[in-house]
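Examining the three-dimensional arrangement
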Amino acid sequence: MKIENYIRDIQDFPKEGIGFKDITPLLNDALAMEEATKQLLDLVGNKKVDRVVGMESRGFFFATLLAKELHAGFVPVRKPGKLPFDTLAQEYQLEYGMDVLEIHADAIKPGEKVLIHDDVLATGGTAEAVCKLVERLGGEIVQVNFLMELSFLHGRDKLASYEVKSLLTY
Ligand code: AMP
């Protein structure tokens, strides 16, 4: 089974010039989702993982599945104002302007081993901000993994000090 057959390219979404990688066909197919989860777990190998961090919102889908399989807790990173408890916030650069991501202050304890997951690695700004949040809480990042990597955007360069893995590279 080829995971790439379950990724749909939508041109000019959400704005002109963007080739959007739509994972809903993958989520819609039980066997494909199971296979993608298995392949992501293979990327993790036998690393010890205490927490899996997923970023809003498409990162949540597989991060929770990975957390269950790894017997680890799941931690959501969200857009500002969504998390109800005490939060840490991290600003990051967008193409135009800045954005902010938040994590609950008690979500990760110092020394915990953390796997970070998102659906797509593009410019790397989002993942870099999540790495900073995890490290500010004292977490140790054991891997940052993605379903897909848009290698022409060089997001990996921002994550050079981490192990970065992707199932599919475009
Ligand atoms: P970046 O911070 O540029 O690496 O962007 C990564 C975030 O934006 C991820 O959370 C992705 O879900 C989303 N994203 C960026 N580019 C795309 C794309 N071409 N298709 C789908 N999602 C994308």
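Residues numbered from 1 in each chain as written. Predicted model: local features only at pLDDT ≥ 70, side-chain atom pairs only at ≥ 80, totals over all residues. Heavy atoms only, no water.

1. Topic: unusual backbone geometry
Heads up, the condition is: A run of H or I in DSSP becomes a helix once it reaches four residues, and a run of E becomes a strand once it reaches two; helices and strands are each numbered from the N terminus.
Here the residue pair phenylalanine 13 and proline 14 is connected by a cis peptide bond, since its omega of 0 degrees sits within 30 degrees of zero. Inspection of the secondary structure assignment puts proline 14 in the loop between strand S1 (8-11) and strand S2 (19-22). In this model, glutamate 56 is joined to serine 57 through a cis peptide bond whose omega is -15 degrees. Examined against the element boundaries, serine 57 turns out to sit in the loop between strand S3 (51-55) and helix H3 (58-70). One non-glycine residue, histidine 71, lies in positive phi territory at about 55 degrees.

2. Observations regarding the site of the ligand
Put simply, the test is: In these notes, residues near a molecule or strand are those with any non-hydrogen atom within 4 Å of it. Here a polar contact is recorded for every N or O atom pair within 3.5 Å, except that within protein the pair must consist of a potential hydrogen donor and a potential acceptor, and residues adjacent in sequence are included only if both atoms are side-chain atoms.
Taken together, 13 residues lie around the ligand, and Asp118, Asp119, Thr123, Gly124 and Thr126 are the ones closest in. Here a nitrogen atom of the ligand and a backbone polar atom of lysine 21 are 2.9 Å apart. Side-chain polar atom of aspartate 118 to an oxygen atom of the ligand: 2.6 Å apart, as the coordinates give it. Listed by contribution, the elements that provide at least two residues to the shell around the ligand are S2, strand S7 (113-121) and helix H4 (125-136).

3. With respect to the environment of glycine 73
Relative to the helices and strands, glycine 73 resides in strand S4 (residues 73-77). Separated by 85 residues in the primary sequence, glycine 73 and lysine 158 place their C-alpha atoms 26 Å from one another.

4. A word on the sheet that holds S7
Going by this rule: Criterion used throughout: strands pair if DSSP finds at least two bridges between them. Only the contacting stretch of a helix is used when fitting its axis, a line to C-alpha atoms as for every element, and angles between N-to-C directions run 0 to 180 degrees. Residue contacts are counted whenever heavy atoms from the two residues lie within 4.5 Å of one another.
Ordered by their spatial adjacency, five strands build an open sheet running S4-S3-S7-S8-S9, and the pairing between neighbours is parallel. Unpaired on one side and paired on the other, S4 and strand S9 (164-169) mark the two borders of the sheet. Taken over all neighbouring pairs, the strand axes of this sheet differ in orientation by 20 degrees on average, direction set aside. When S3 meets S7, the two strands line up parallel, connected through four bridges. The residue bridging valine 52 from the neighbouring strand is leucine 115, located in S7. Helix H2 (residues 30-44) contacts S7, strand S8 (140-149) and S9 of the sheet and is inclined by roughly 140 degrees relative to S8. The strands touched by H4 within the sheet are S3, S4, S7 and S8, with S8 carrying the most contacts at an inclination of about 160 degrees.

5. Here we look at the pattern of salt bridges
Put simply, the rule is: A carboxyl oxygen of Asp or Glu within 4 Å of a side-chain nitrogen of Lys or Arg is what we treat as a salt bridge. Summary of the burial criterion: residues with accessible area below 20% of their type's maximum are buried, those above 50% are exposed, and those between are partly exposed, where the area comes from a 1.4 Å probe applied to protein chains only.
This model, assessed by the stated rule, comprises 11 salt bridges. Linking glutamate 112 and arginine 51 is a salt bridge whose minimum nitrogen-to-oxygen distance equals 3.1 Å. Of this pair, glutamate 112 sits in the loop between strand S6 (98-104) and S7 while arginine 51 sits in strand S3; the two residues are 61 residues apart in sequence, bridging distant segments of the chain. Judged by its relative accessible area of 14%, glutamate 112 falls in the buried class. A salt bridge links glutamate 149 to arginine 156; its shortest N-O distance comes to 2.7 Å.

6. Side note on H2
As a reminder, the rule being used: Helix span, expected: 1.5 Å multiplied by one less than the number of residues in the helix. Note that the arc is computed from the directions linking the helix axis to the C-beta atoms.
Between its first and last C-alpha atoms H2 spans 21 Å; for 15 residues at 1.5 Å apiece the expected length is 21 Å, and the two agree. The set of residues buried in H2 consists of Ala32, Ala36, Thr37, Leu40 and Val44. Along the axis of H2, the buried residues cluster in a sector spanning 135 degrees; they form a single face. Turned more than 90 degrees away from the buried face of H2 sit Ala30, Leu31, Glu34 and Asp42, all of them exposed. Close packing links the buried residues of H2 with helix H1 (24-28), H3, S7, S8 and S9. Backbone nitrogen of leucine 31 and a side-chain oxygen of the N-cap are separated by 3.1 Å at the start of H2; the cap is aspartate 29. Just beyond H2, the residue with positive phi is glycine 45, at close to 65 degrees.

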